[in-house]
Structures are given as structure tokens and as C-alpha cells.
Amino acid sequence: MFTWQHADDDTLLDHHTDFRLGLSESHFPDDPARIWWSVLIEIADVSIDQFEAALAEFADDLLIPVAYDPDDRREVKELQPVTIFARKPLIEVLNDGRNVFGVVSVHLGAVIPEALLDRFATPPALSPIRVDDNAVVMAVIDDGIAIGHDLFRDGPTESRIEHASIFEAAPHSGSSHASLGRSYSRHEIDALLRRCHHNGFLDEDRFYAETGQADFLAGTASPVSRRVSHGTHVMGLAAGRKAHHADAPRPIICAILPSRVVQDTTGVDLLPLLYLAFVILAKQAGRFRTRTKGPAPVVFNFSYGNTGGPHDGTGVFASLFRHVVGAGSEFAARGQKAWLTLPAGNSNLSQLHASGPGPGKQTNVDLIAQPDDRTPSHMQIWLPVSEEREQPDFARIGITAPGGERKTISTRPGQRASLFNSRGQEVARLAYQYVGGFVQRGRVGLTIGPTAGLDEKAVLAPAGAWQLEIERSAGAPAGDIDLWVRRDETLPGSLPGGRQAYFDAADYVRFDEFGVPLAVDPTGSDCPITRSGTLNGFACGADPVVVAGYSAREAGVAGYSGAGPTSDRGGSPGREGPDLAAKSDESYLMRGVISAGSRSGSWARLSGTSVAAPRVARAAAKGIQGKADTARDWSRMAVGESPFPLNADPRRAGAGGLRVEIRFDDAQK
Amino acid sequence: MTIVPQSAYSAYSAYSAYSAYSAYSAYSAYSAYGAPGAGENPMLADAFMTTRDGIVGARLDQIGSVRESVANDPRTLKRLSPAVRAAIFQAELAASIDVSIETCDGDVSPVLWHRSAKKGDMRRIKYHELLRMTRPSVERLTRQLDLVSGYAQIRPDRAAEILTQVTAPAPFFSTIGFIDPGRTPHTLEFLSTALSFSAPLIQRIKFALAVKRPIEFSPQIQPMIPTPTHGSLPSGHASEAFLMARLIWRLMLHSNAPQYGDKAYWGEMLMRLAARVAANRVVSGVHFPVDSAAGAVLGCTLAEHVYSQCNGGRWWSSRFDGTHFDPEGDFDWHDIFDVRKDELKKKAESGDGVWMRAKAHAPSKGEPAPVLSWLWEKALEEWQDLGPGDLPVQGE
């Protein structure tokens, strides 16, 4: 028996954070107040030092990473995102819109085991690294990167990795320069390689046990112990090569995200650590100086997707890269060129996007919450751009739970409804909130609790169809309304056991007359669920090169490859779609492309736009030293110079296919 | 005596490296007749009888002289069926070792004894300790359980290896050494001999130590293969895999083939494979890492023993003390063996003390067993490389 209750609540900065913190009461066996979380906050008009000083009474519940050096901590900005580690009592205070600490937004990240945090870490020394004039730094953020792999070495015990941050590893005892996990310099990696090298072979079991990447005792995931690991494969494509390669130097810096975060692909969970990774690598990148040409250029690759966010280039991730690299950033101050490649995402066929009603219309669509889903499901309705002081009532949002319990809220500040079980525990929440900053949109979020749990205390929501009814208010301003479901699927057998919620509607056509999945929306369809607009939520910004995937044999865009366009912003169109496409499959039958397996000398096949992006990053490393000012300008030129013929809509493949031949083994003559 | 390797689930034939390649049937003269066993084909027997009746004729008045056969001569081994030879080899090897179950610090401690004759008199035996093993406490095993749980996450990745290694890890070694029934039948026979020799010893030690399996500690281990009914420590798979790795490497080293010569990467790779086989048993959920460590010590020690029984020379003894193995530690074979020196390390220790000691001993008096030497030489011949200079030159 479930009951909706209405609440007028305009004090929370983020309902999703509040809901998840509420779930922690019943989902974590330990005292929820003792659990550490990564949190991405935005602070306005205060410095990090001031923020920390004001929170002296919460000193035990707050850890500010040493990645922020004294200069960062002193700086007062109009708005700056900061990754912190915090515990529930503090997060609840920060998530209150009335807080006096300068916090204007809160994104709750992942649970962080306390054993991985180091309060006594000190900022790393950032000594300069001299490189040849033709060197380009390759910066990779991913999970499960086998840093000892021979494709990242110049010799048996000579790594090309100048810096590696490993977030999911117990901190070094003694002097540590990482607040989370540990970091390695090239010298440290080389020393470890020497220690683990026997009779011509690297003992990789030992090596990864030493780096903390394989820790079976701790029970954490050890992706590099598997034959195939995402980050190894991706970094192999971006920067992998055998020793004595003929190409120009490609020093590597990388940050290795915890795989448990990756397994919890709600996207929100990822943001704080992703942000921290960018901060760390941005500082490391600053160390590289060419002999005569100033700072060495950097190509970042981040092969992750996310289906949430406003999809108009103003989301936290989109603004992240601009914050790190754009005007006023460290890169700009140094005059260092930095490009970013991102995947278009793999959700084209996943039914995770729906279009809301136009003026005077109504949209009905079901959100299917699957049974045996052990993680919360989250759906967002993004409303047209509006100023905070206006916030017009764009629509009425009706929801009917699987048991028939119905509720409607309007899109006005404070509107919120919660579904309670018979014990008075909240199992779902529908709430409006305004997202300020660069975004300037209202958003209605529907968070549905897990539908299954092994703990007897678990608070469970009903699985099944949650019927959404969006009725556009008469006379409301124009602009698109879009709905996205966040990804939260996990691989079978992996923690934490999420199953993907998705949209469903009677008129959604999945297959053509031959039973082939339709990769583009049928002409003339009125179905609210669309393949258009499925572009990776991280990849809607103006700066990065966004890469679709193609299947080489059929010369077609891969069915899963996400499509544009991005949402408009008050009439100004966003991206049409990805910038270009690169190979992500050999053929429809032989999925994936070959790159590094987890162990030296081994090869593996992986598919998806995740493997298309680093292919382009590899080519961009040559392009970044050319004439093109921006990465996207270069990408168009590159397609012209080395095209792969594709007959594809620009919304799915941008300027077209780019042929990138990778020679891992090209010994110097 | 029938010797059944310890980890056989189904049958001797399924397990044995030798018969895994159907080498036995390829050898057996009887199999040429399609006989199911030792020639008990009734139709064939009937035909033999009627044939004899038809052609036998009257008894000969006189038959020619028959020479006395050579007694106890290894040269005749080649005329015996492999199964008969196997029994003879086991008789030699079994006589070289003894087992006692003793008490050490209040706990059970099985000991293997190296038997040798005093001054060549086989009726006067002297014993030297060859191996002593002590089990870890239940409390230490409980701490090892976290490692077993952690390893479970890579089961999907290792499933093919684990399932194919349940009965016969031996074929994996033929992916490194060029071992094939057609090319190296005696190498297979030699390895089978060593495995068959080791199997009852492994089982006797396991029985004495009676170490519980992970499945008895937690309902969450849920091994992906059936847990064998025998004790956990030492790991039989580890013992056998390291035994094979060591003996194959010895054959390579003694072959004088330049590719094997002083190239320690062959030995290293064989040991990596053995360690992988051992680790797979932990991944599958039927062993603790400490079982692998004990098995590796046992396997390496028995390899030295088999080698010295075939060739004479020094032999090795070792001790494994499970009470000093790091309860939170994983097994790294580099802790116990030095490939470049081709010998066991003198000791291995954790923060809790020394958990392995090994010692080389002067050669025993007396010749190595001639039949075992014959087997070794036959196997070794199969590894010798033929170069142009090895060919006979006309006129010489």
C-alpha cells in the first residue's frame, strides 16, 4: 500500500541528493552518518579556504583534496565547482538552500571507503618535465587502466606514464600526495616495474597488487585482473604503442576512476571524482615544457557517457572542461593548448529519451522500473530556459505509480510529492527545482527507489510502469521540454546490481519490417520516445570533439551510437550532433575493435563509442600541433583529409567518418 | 598397487597427462586388434584357436636353443607396455620415500622421509627428513577467506581455464614445452610417473592435515565447481603444476638445445603457468592462497626428489609452516623459487615469521635407480636439438 503526499519544499538544493541520503539509512549496514561521500559543490563568491574555515564545527566531516593547492584555495570566484569528501551531517547542511557557506549547488557522488582517504596528504611537487618540441601529452581518464602494460612503456622497465592517479587504492603509508587513493610518478612506476621484473617478464599479478589496482583482500573490484579492461583498451587506442616507436613522443598522464563508481552508472555519482581527476591532470599537464616552444599541448580523452543533464552545453560536465581549459583557467594562463575527445554515447536504441509536449499539447509516456533493480532509478524532465525570478509554470506533471496511486505537481518552486509505503518510508519522489548557474532551467526529477534489495531493511519501490502525463500549460513560453532517464545499468554479476529503467509507449517502433533495430526515428512518427537527442549528456558542450561510432564493413553508423541534436537554448540551436565518426566495430557481426588487453602482450576487442573517441584522440595528437585553432575545426579538416565514406545523417555522424589507422608497432628505423 | 592421482574426479585416464593424449592406446599392441582390454575379444580368441587347430601340425621333435633372458636390465624396459613400465617406476619411486605423521607444537605434522641405503646395503635403511608440513589455524584461514571472496569476481573471466583444469592441467604445459605423444612419448611417460608418484603422497598429507575447505567457512563462497572431498592444504593442483613445471624445465636445461640453454625465461614462464593453475583453484572457490603456497613447496621439493632419483646428485628438503604464512597474504611463487639459480630459495618469511625453509643435501650413496635413469634418458633424448654438426658424416 503506497500513498502520495504533497510537500511544499523550496529549501533543498538537490532533491536527488536528499533522496539518496535518505536511502542510505536503510541501505548501508554501518552508521550512515559515518559514511564518506564524494560531493561536487559549487561555491559562489567565497574561496575554498573561507568555505573550510566557516565549517570549522564540521571539520571531522569534511576533507578538501590536496589537489587544490594554496593558490586555488585562496582564490575567490564568482562561481567555482569544487570536489570535496564529506559525511552526511555536513552534506545535509550544504544541501540546504539557506546555507551560509556560499554553496549554491550540490551533486552527491559515490560512497568512498574511509580507508581510501588520506587526511594527511600533502600537495604534490609539480616539477617541470622537459619534452621534445614535437611531444604531445596524452591525458586519459578512465577506469581499469593497466599502467604496466607494454604498450605504455618504452622498455621493459621504462614507463611512458609520467603521472597516474589511482583513486581506488589504499593510500601510500608515509608521505602521500593524494587525498583519495594514491598517485605514481614515472620514476615510481619504473622502480615498481624493476621490482616486479623477473627473467624477461613483468609479474603483473604482483605489479597490480603493489599499485593497489588488484586488491582481492579488500573486496574491491580489480578490473585489471580481468582479460579485458575498459581503461586499458581505451588508453591503448589513444596512446598505446610498442617501444622505440617512430612517432613523436607521447607522454601519458592518467587518472583511474574507481570501478565501483563506474558500476553505479547513475552519472551523478561519477561527477565529483571526474571533476577531481580533471583538476589533478590539469595541474600535471602544466609540468610539460617543450625545449623551445613553451608548454606541450595536451589531448584529453574521457570515454564515458551519461544520459542525464540539460543536453544544451550548460551541464556541469560541459562547463567543467571549459572551467579547466577555457578563459581564466590554468591552461589559458599558461598558453597551453588542450583538446578533449568524448564519445557520442551508446544509448541511441535504449529508449532513454522522450520529447515533451509542444504548446497546448499533452504527452503520455511510461517509465518502466524493472524488477530486481537494486539501485535507484532517476528520470529528469528539463523545462525551457527561464530566468530564476520568472520560472513560469510550463506544465503539470502527473504520475501514476504501478499500483495506480496518482499525483500531479506543477512546475513551480517548492512543488514536491513523495510516495510513502505503509511504514511511512519514502520510496519515490517527484520534485521541481530550479537549476541556476549556466543552466537557467527548471527541472522536474523523478527518483524511484530500488525495486529489490537483499537487506531486510531495504526500502523498496514497486516495479512496473510509472505512467507520466505532461500537460503543457496554456500560454506558457515556447521551448523544448525533454525527458531523459539516467543510466544505472550494471553488468550481470557486478555490484551494485542496477537494472536500467526505460521509456515505453504503445507507438514506439523498435524494428523495421525485417526485424532490424531501427537506428533512426520512423518518418512521421508522433511517438514521444525518440532516438534523436540521445547524444551523451557529457558531450553537448561547445569545446570537445564528439565522436560517433561506425561499423567499417557496412560503412554505417553503429546502431547504438547516440544522435543529436542537443536542446536549444531559447531559440539558439545547440549542437547538431557528434562532430565526426570513427571505427567502433569491424562489422555488425564482428563487434568492436582491437586494442590492449589487460596484460602485456594480450589483445582484446571492445565495442562502443568509447573506443571510437580515443581513436580520434590519437589522430588529434598530430592535429593539435597543426594550424587548427580549435579541436572541432581540426576534426572537420581531418575528415576532409582522411575520410571514411559513410552515408549518414550529420545528426549521427557530424562531418562524416574519419579513417584512423593505428600502428601500435612501428619501430624507428 | 593402483595409483590414482588425487585430483581425479572421474578417472585415472581422464586425469593422466599420459593417457589424456591417448598415448597408451597408441602404444598398446592389443589395441591394434581393437581389443577392449587385455585381449579379451572372444571372437578373436575363437579365431586364434581354430586357426591353430588348422595349422598346428604334429609336435616338433626338437626346438632350437633359447637364450636366457637378461635379468633386471633397463634395456628391456622398451619391450614392456607402458602400463607395466609405470608399475615398475612406481615400485622404485615408492621405495624412495616414507611418510610419518608426527606432532609438532601440539599440532599434527606429516613428514616425508627420504629413504636411502646405508653403504649400498638395501637392508640397512637410513632416513632423512624430506618435507615437513604444518597447517595454518582456522583463525588464519578465516582471514584468508576474504581473498577467496575477492577472487570470486574474476570467475567469469577464468571459467574456461578452471573447468578444463579440473581434471587435466597437463595439456596447458604442452602450450609451452613442445610435448606431444608422437614427438615426446617418454616425456609424457616421465611426467605421468612423477604425477602418479606424487598423488598418494599429496593425499596422505592432506588427510593428515585435514584442513577445511573454503565452502565450510562461509555460505557466500559458493564455488563454481564441486569441492573435492579431500582436505584443502596443500593444493593438489598447485603441487602437480609446480612439479610438472620444474621437471619440464629440467629437461629443457639438460637438453643442451641452445634455445633453452641459459634462457631463464622458459623456466619463468613454466612457473607462471603453474602459479596460474594454482590461482585458478582459489578463483574457483575451492582453495585458499595458503594452500597454493604449500602445494608449490611440495611440488618443487618432489620434483627435486624425482630428479635426483633419476640422476643422482644432490637432493632437497623443505619445511612449510602454515602458522607463519601471512593470513592476509597472497601466494607469490617468487618467494620460494629462484629460476635463474634453478633452485628453491633457502627461506620465505612473512611478518609472522619464516613459513618456508629449504636445504640442499649431498648426494646419497649408491647409484640412481637404473630404471628411472632409463626413463629420464629416454625423455631427455626427445628434447635434444639436431643441428648440422650432429648428422653422421659419410666416411667417418
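Computed from a prediction, not measured in an experiment: that's the story for all the values here.

A.B. asks: Which residues make up the overall build of chain A, and what are the values?
C.D. replies: Helix and strand counts for chain A come out as 14 helices and 35 strands. Taking 2.2 N^0.38 as the reference for a compact globule, 669 residues should give roughly 26 Å; the C-alpha atoms of chain A span a radius of gyration of 24 Å, in line with that estimate. Along the first, second and third principal axes, the C-alpha atoms of chain A reach 70 × 60 × 45 Å. Out of the 669 residues in chain A, the part that is buried amounts to 55%.

A.B. asks: Please give an account of the overall build of chain B that cites residues and values.
C.D. replies: In terms of regular secondary structure, chain B is built from 13 helices and eight strands. Put simply, chain B has 396 residues, and 43% of those count as buried. Within chain B, contacts between residues separated by at least 24 positions form 76% of all contacts whose residues are at least 6 apart in sequence.

A.B. asks: Give a description of the nonpolar core that names residues and reports values.
C.D. replies: Residues and elements named next belong to chain A. In this structure, Val140, Val299, Val547, Ala581, Val616 and Ala620 are the most contacted members of the largest nonpolar core, which totals 231 residues. Among the domains, domain 1 (3-116) and domain 3 (539-570 + 581-658) are the pair contributing at least three residues each to this core. If we skip the residues at most four places from it in the chain, Val299 touches Val136, Met138, Ala139, Trp339, Thr341, Ala617, Ala620, Ala621 and Ile624. The next biggest cluster of nonpolar side chains, apart from the first, holds 37 residues, and it includes Met379, Ala395, Ile397 and Ala463.

A.B. asks: Provide a residue-level description of the sheet that holds strand β25 (residues 441-448) of chain A, including the pertinent values.
C.D. replies: All names here are of chain A. Strand order in the open sheet made by the seven strands is β1-β23-β24-β25-β20-β27-β18, with antiparallel pairing throughout. Two strands close off the open sheet at either side, each with one partner strand: β1 (3-8) and β18 (353-355). Along the sheet, successive strands turn relative to each other by an average axial angle of 15 degrees, direction set aside. Pairing of strand β23 (residues 415-420) with strand β24 (residues 426-435) involves five bridges; the strand directions are antiparallel. In the strand pairing of β24, Leu419 is matched with Ala428.

A.B. asks: Would you mind going over the packing of helix α10 (residues 236-254) of chain B against helix α12 (residues 289-311) of chain B in detail, with residue names and values included?
C.D. replies: Residues and elements named next belong to chain B. For the pair α10 and α12, interaxial distance at closest approach is 7 Å and the crossing angle is 40 degrees. In terms of orientation, α10 lies oblique with respect to α12. Here α10 runs over α12; the crossing is right-handed. Side by side, α10 and α12 meet where Gly236, His237, Ala238, Ser239, Glu240, Ala241, Phe242, Leu243, Arg246, Leu247 and Arg250 of the first sit next to Asp291, Ser292, Gly295, Ala296, Leu298, Gly299, Cys300, Leu302, Ala303, Val306 and Tyr307 of the second. Here the contact of α10 with α12 is built from residues that sort into 12 nonpolar, six polar and four charged.

A.B. asks: How would you explain the sheet that holds strand β28 (residues 502-504) of chain A if you had to name every residue and give the values?
C.D. replies: All names here are of chain A. In space, the five strands of this open sheet follow the order β22-β21-β26-β19-β28, with antiparallel pairing throughout. The two strands at the open ends of the sheet, each matched to only one other strand, are β22 (406-410) and β28. Ignoring strand direction, the axes of neighbouring strands in this sheet form an average angle of 25 degrees. With six bridges connecting them, strand β21 (residues 395-400) and strand β26 (residues 464-472) associate as antiparallel partners. Each residue of the ladder has a partner; that of Ile397, found in β26, is Ile470.

A.B. asks: Requested: an account of the pairing of strand β2 (residues 36-43) of chain A, with residues and values cited.
C.D. replies: All names here are of chain A. Most of β2 sits inside the fold, with seven of its eight residues counted as buried. Pairing analysis gives seven bridges linking β2 to strand β5 (residues 103-112), with the strands arranged antiparallel. Of the residues in β5, the one forming a bridge with Trp36 is Ile112.

A.B. asks: Which residues make up the environment of Gln5 of chain A, and what values go with them?
C.D. replies: Residue and element names in this part refer to chain A. One can find Gln5 in strand β1. Judged by C-beta crowding, with 12 C-beta atoms within 10 Å, Gln5 ranks as exposed. The spacing of Gln5 and Ser418 is 413 residues in sequence and 5.4 Å in space, taken between C-alpha atoms. Filtering out sequence-adjacent residues up to four positions away, Gln5 remains in contact with Ala417, Ser418 and Phe420.

A.B. asks: I'd like a rundown of α10 of chain B, residues and numbers included.
C.D. replies: Residue and element names in this part refer to chain B. In this model α10 runs 27 Å from its N-terminal to its C-terminal C-alpha over 19 residues, within 8% of the 27 Å that 1.5 Å per residue would give. Burial runs high along α10: 17 of the 19 residues are buried. One or two positions beyond α10, positive phi appears at Asn256, with a value near 65 degrees.

A.B. asks: Tell me what's going on with the interface of chain B and chain A, and back it up with residues and numbers.
C.D. replies: For an interface, size is often stated in terms of accessible area lost upon the parts coming together. Across the boundary between the two partners, chain B contributes 19 residues, which contact 16 residues of chain A. Counting only elements with at least two residues in the side of chain B that touches chain A, the list comes to α6 (138-151), α7 (155-165) and α11 (264-284) of chain B. By residue number, the principal contributor to the side of chain B that touches chain A is α6 of chain B, which donates five residues. A class-by-class count of the residues in the side of chain B that touches chain A yields seven nonpolar, four polar and eight charged.

A.B. asks: So what's going on with the domain arrangement of chain A? Residues and values would help.
C.D. replies: All names here are of chain A. With domains assigned, chain A is organised as domain 1 (3-116), domain 2 (353-504) and domain 3 (539-570 + 581-658). Summarising the inter-unit geometry, the C-alpha centres of domain 1 and domain 2 are found 23 Å apart. Each partner contributes residues to the interface: domain 1 has 20 residues there, and domain 2 has 24 residues. Counting only elements with at least two residues in the side of domain 1 that touches domain 2, the list comes to β1, α1 (15-27) and β5. The element that contributes the greatest number of residues to the side of domain 1 that touches domain 2 is α1, accounting for eight residues.

A.B. asks: Go over unusual backbone geometry, please, and point to the residues and values.
C.D. replies: Outside of glycine, negative phi angles account for most residues, and trans bonds account for most peptide bonds. Note the cis peptide between Gly564 of chain A and Pro565 of chain A, where omega equals 0 degrees. The residue Pro565 of chain A is located in the loop between β30 (556-557) and β31 (580-585) in this model. With phi around 60 degrees, Asp45 of chain A is a residue other than glycine that occupies positive phi space. Its place among the elements puts Asp45 of chain A in the loop between β2 and α2 (48-54). Note on Asp45 of chain A: 12 C-beta atoms within 10 Å, which makes it exposed. Its identity as a non-glycine residue notwithstanding, Ala210 of chain B has a phi of 50 degrees, on the positive side. Relative to the helices and strands, Ala210 of chain B resides in the loop between α9 (185-209) and α10.

A.B. asks: Pulling in residues and values, what's your account of the packing of α7 of chain B against α11 of chain B?
C.D. replies: Residue and element names in this part refer to chain B. Between α7 and α11, the shortest axis-to-axis distance is 9 Å and the interhelical angle comes to 115 degrees. Crossing angle aside, the handedness with which α7 passes α11 is left-handed. Listed contacts from α11 to Arg155, Arg158, Glu161, Ile162 and Gln165 of α7 are Val277, Asn280, Val283 and Ser284. Here the contact of α7 with α11 is built from residues that sort into three nonpolar, three polar and three charged.

A.B. asks: How would you summarise the environment of Leu270 of chain A if you had to cite specific residues and measurements?
C.D. replies: Residue and element names in this part refer to chain A. Looking at the element boundaries, Leu270 is found in the loop between α8 (259-263) and α9 (271-285). We classify Leu270 as buried; it has 26 C-beta atoms within 10 Å. The sequence separation of Leu270 and Tyr184 amounts to 86 residues, and the corresponding C-alpha distance is 22 Å.

A.B. asks: Can you tell me about the confidence of the model for chain B, naming the residues and giving the values?
C.D. replies: All names here are of chain B. Of the residues in chain B, 88% reach a pLDDT of 70 or more, and the chain-wide mean stands at 88. Note that pLDDT drops below 50 for residues 1-36; the model gives that stretch 71 contacts with residues more than four away or on any other chain. The ipTM, which scores confidence in the relative placement of chains, is 0.87 for this predicted complex, and the corresponding pTM is 0.91.

A.B. asks: Would you mind going over α12 of chain B in detail, with residue names and values included?
C.D. replies: All names here are of chain B. Here α12 is 23 residues long and its end C-alpha atoms lie 33 Å apart, about the 33 Å a rise of 1.5 Å per residue gives. With 22 of 23 residues buried, α12 lies mostly within the body of the structure. Gly312 lies just past α12 and shows a positive phi near 75 degrees.

A.B. asks: Please set out the environment of Leu606 of chain A residue by residue, giving values where relevant.
C.D. replies: Residues and elements named next belong to chain A. Within the fold, Leu606 resides in strand β33 (residues 603-606). The class for Leu606 is buried, based on 24 C-beta atoms found within 10 Å. Contact partners of Leu606, with chain neighbours within four places excluded, come to Val228, His233, Gly592, Ser595 and Val611.

What counts as what
Residues numbered from 1 in each chain as written. Chains lettered and ligands numbered in written order. Predicted model: local features only at pLDDT ≥ 70, side-chain atom pairs only at ≥ 80, totals over all residues. Helix = DSSP H or I, 4+ residues; strand = E, 2+ residues; numbered from the N terminus. Rg over C-alpha atoms; globule rule 2.2 N^0.38 Å. Buried ≥ 20, exposed ≤ 12 C-beta atoms within 10 Å, placed from the backbone. Contact = placed C-beta atoms within 7 Å. Core = buried A, V, L, I, M, F, W, Y, C linked by C-beta atoms within 7 Å. Domains from an automatic or database assignment. Pairing = 2+ DSSP bridges. Axes fitted to C-alpha atoms, helices over the stretch in contact; angles between N-to-C directions. Parallel < 35°, antiparallel > 145°, perpendicular 65-115°, else oblique. Left-handed = near helix turned anticlockwise from the far one by under 90°. Nonpolar A, V, L, I, M, F, W, Y, C, P; charged D, E, K, R; others polar. Expected span 1.5 Å × (residues − 1). pLDDT = per-residue confidence, 0-100.

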